[in-house]
Amino acid sequence: MLTTNMKKGYKKWLIALFVLLLAGGAVIWWLFNLKYEDTADVKADYTVNAANFIKEFRQDMTGANKKYSEKIIIVNGTVSAIEMADTTANIKMIDTSANDAYIIFAFQQQHLAEAKAMKEGDKVSIKGSCSNGAFSDILETEYVTFKRCAVNK
Amino acid sequence: MKKTILSLALVLATGLLFAQKKTTTSATISFDATTSLDKLPKADNKTVIASLDTKNGKLAFEATVKSFTFSNPKIQEHFNSKGWMDSDQFTTATFKGVINNVKNVKFNKDGSYDVTVSGDLTIHGVTKPIEAQATITVSGGKIKTTSDFTIKLEDYGVNGPAIAAGKVAKEPRITVAADF
């Protein structure tokens, strides 16, 4: 038979378990609903010049990837090409003195209009998450891809 | 004589125009591993490199794995982690293949052509032969290639508790689109 003290202790454990389950549920809900911030509002880890950035990757791809991969970077350079598809508008900065090695920027949905408004030859500042640099066997040159980009203001 | 040389030059130029290797750096690949339990494992890669040789039908794709963009940062992190795609080690997924019945495709005439594509798909450092249906649409000098197929993650050494728990599809759908 349960004594009064035993009942009180049992109740305390139940409340603690309930609070724990509630907290756990809240964490899971929070993780499930996590979204990326607007890149325009995110602080950059690095600010670089396009030509120097490409040079870093060409000289030491492994080192550059270790340094820049998944970091938020502002790249200052000139628009070489705008590539439009059904739902995309990518901006490219090509270094014609470096075997046409290039950086390509894929924009966040809310900033797509900014990309579409750009013209070849525009001097721009783009902020985004650097995915990776690699050597393309297809194009026989180096390239660096960015995602979740926005114009840096 | 001059007319003959000019005619030959024009024929050669036209032939070269339509026989050249075409490339794009903005092909897209979508990866959909959603299940009834989890709608989050879904991503797009919009900076895929693709090439198409209209003469011999050779087709190739290169996709930076970290460029597959998920809406949820935690899923993005898991996808690239050592236990999944291990994208620090295996930075690029590739396809090298050929359009099997390329002679049936008139690249200089507007139209829609159903084709089969076969070749080697390399994901997570593992290469497997695949075959898929694709559609080539020619319109106003532009060539659009689309394809929709599934892969088995375990064939490429990608498995984990989330798959076993039914939160990630064992055979995600891959959708490819390239405009040349």
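Keep in mind it's a predicted model, so treat the numbers as computed, not measured. (Residues numbered from 1 in each chain as written. Chains lettered and ligands numbered in written order. Predicted model: local features only at pLDDT ≥ 70, side-chain atom pairs only at ≥ 80, totals over all residues.)

### Description of the overall build of chain B
Stated formally: Helix numbers and strand numbers start at the N terminus; a helix is a DSSP run of H or I with at least 4 residues, a strand a run of E with at least 2. Exposure is read from a count of other C-beta atoms within 10 Å of each residue's own; the residue is exposed at 12 or fewer, buried at 20 or more and partly exposed in between. C-beta atoms are placed from the backbone. Here the contact rule is simple: place C-beta atoms from the backbone, and any two residues whose C-beta atoms are within 7 Å are in contact.
In terms of helices and strands, chain B carries three helices and eight strands. Scanning chain B from its N terminus toward the C terminus, one meets helices and strands in the order α-β-β-β-α-β-β-β-β-α-β. Every one of the 180 residues in chain B was classed for burial, and the buried ones make up 34%. Intrachain contacts of chain B at a sequence separation of at least 6 include 53% that bridge at least 24 residues.

### Remarks on the sheet that holds strand β4 (residues 92–99) of chain B
Rules: One requirement defines pairing of two strands: DSSP has to find at least two bridges between them. An axis is simply a line fitted to the C-alpha atoms; with a helix, the fit covers only the stretch in contact. Between two such axes, the angle follows the N-to-C directions and lies from 0 to 180 degrees.
Strand order in this closed barrel of eight strands is β1-β2-β3-β4-β5-β6-β7-β8 (chain B), and the pairing throughout is antiparallel. Pairs of neighbouring strands in the sheet enclose a mean axial angle of 25°, with direction left out of account.

### Considering the interface of chain B and chain A
Interface extent is often summarised as the accessible area lost during association of the parts. Put simply, the test is: Throughout, the ten residues Ala, Val, Leu, Ile, Met, Phe, Trp, Tyr, Cys and Pro are labelled nonpolar, Asp, Glu, Lys and Arg are labelled charged, and all others, Gly among them, are labelled polar.
Listed as interface residues are 21 residues of chain B and, on the opposing side, 23 residues of chain A. Mapped onto the side of chain B that touches chain A, the elements with two or more residues apiece are β1 (21–32), β2 (42–53), β3 (58–64) and α2 (73–80) of chain B. Each residue belonging to the side of chain B that touches chain A can be placed in one class, and the counts come to three nonpolar, 13 polar and five charged.

### A short note on the sheet that holds strand β4 (residues 89–95) of chain A
Residues and elements named next belong to chain A. The strand order across the open sheet formed by seven strands is β1-β2-β6-β7-β5-β4-β3, and the pairing between neighbours is mixed. Among the strands making up the open sheet, the edge pair consists of β1 (46–49) and β3 (81–84). Strand-to-strand twist of the sheet, defined as the mean angle between neighbouring strand axes without regard to direction, takes the value 35°. Examined bridge by bridge, strand β6 (residues 123–136) and strand β7 (residues 141–151) share nine bridges and lie antiparallel to one another. The residue of β7 that forms the bridge with Ser 129 is Lys 147. Packed onto the sheet, helix α2 (residues 50–59) meets β1, β2 (72–78), β4, β5 (101–107), β6 and β7 and runs at close to 95° relative to β1. Of the strands in this sheet, β1, β2 and β6 are in contact with helix α3 (residues 61–68), which crosses β6 at around 130°.

### Some remarks on the environment of B:Ser87
All names here are of chain B. Here Ser 87 shows up in the loop between α2 and β4. Overall, the presence of 23 C-beta atoms within 10 Å leaves Ser 87 in the buried class. When the C-alpha atoms of Ser 87 and Glu 131 are compared, they prove to be 25 Å apart, with 44 residues separating the residues in sequence. In this structure, Ser 87 is in contact with Val 65, Lys 66 and Asn 80, ignoring residues within four places of it in sequence.

### Overview of α3(A)
Residues and elements named next belong to chain A. What counts here: Throughout, the arc means the angular range of directions from the helix axis out to the C-beta atoms.
What α3 keeps buried is the set Ala 64, Asn 65 and Tyr 68. Looking down the long axis of α3, one finds its buried residues gathered within 100° of arc, a one-sided arrangement. The exposed residues of α3 that point more than 90 degrees off its buried face are Thr 62, Gly 63 and Lys 66. Each element contacted by the buried residues of α3 is listed here: β1, α2, β2 and β6.

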